[in-house]
Amino acid sequence: MKTNILITSIALALVSCKKDNESKMMKQTYATETTVTDDNGKIDSATMTKVEKEVNGKKTSSVSYPYKAEDGTRAKATFTNDGKSKTITIEANNMKYVLDFKRAIPTGEIYERNSISAESSEDSLLISQGNNVIHLGKIK
């Protein structure tokens, strides 16, 4: 009976030590911010979500913005930067597209993968595939 209690307490101690070590290896912070601006009597607001993760000393940050197409379709774009590479993930209509950063331009950035490209600017996202062009504006 005493050996069972001893084995159980050692097993619990090992499990609790392992949990502590894992929690120290990964840190996450979340922030949601709504910005309200007043331009010429018009009040606009934009919401963004920011997530920063640190796993084993490697930092990854991502920022998500909601967008809306001219036909009312909604999408979410998440810009991710892990220090080595930058990507954009576009989610709309139960589909997910991941595009790689190609270059910066004066008005924003260009992302491409598999014949799909996206041009991001401060207030819009222009997605192109062949002759199809979709214009998304940030939801305000």
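Here goes a summary of the coordinates provided. (Residues numbered from 1 in each chain as written. Predicted model: local features only at pLDDT ≥ 70, side-chain atom pairs only at ≥ 80, totals over all residues. Heavy atoms only, no water.)

## Focus on the layout of surface pockets
In step 1: Space inside the largest pocket adds up to approximately 360 Å³.
In step 2: Lining the largest pocket are 18 residues, and of these Ala 92, Asn 93, Tyr 97, Ile 127 and Ile 134 lie nearest its centre.
In step 3: Listing elements by their share of the lining of the largest pocket, those giving two or more residues are β4 (74-81), β5 (86-92), β6 (95-105), β9 (124-129) and β10 (132-138).
In step 4: Counting residues per element, the lining of the largest pocket draws most heavily on β10, which supplies four residues.
In step 5: A class-by-class count of the residues in the lining of the largest pocket yields 11 nonpolar, five polar and two charged. (1 Å grid on protein atoms, 1.4 Å probe; cavity = no way out; pocket = protein on both sides within 12 Å on 5 of 7 lines; lining within 4 Å. Points joined across faces, edges and corners; volume = space filled by probe spheres on them. Helix = DSSP H or I, 4+ residues; strand = E, 2+ residues; numbered from the N terminus. Nonpolar A, V, L, I, M, F, W, Y, C, P; charged D, E, K, R; others polar.)

## Description of unusual backbone geometry
In step 1: The phi torsion at Asn 93 lies on the positive side, around 50 degrees, for a residue other than glycine.
In step 2: The residue Asn 93 is located in the loop between β5 and β6 in this model.
In step 3: With phi around 50 degrees, Asn 114 is a residue other than glycine that occupies positive phi space.
In step 4: Following the sequence through the fold, Asn 114 ends up in the loop between β7 (108-113) and β8 (116-121).
In step 5: Residue classification places Asn 114 among the exposed residues on the basis of a relative accessible area of 64%. (Buried < 20%, exposed > 50% of the residue type's maximum accessible area, 1.4 Å probe, protein only.)

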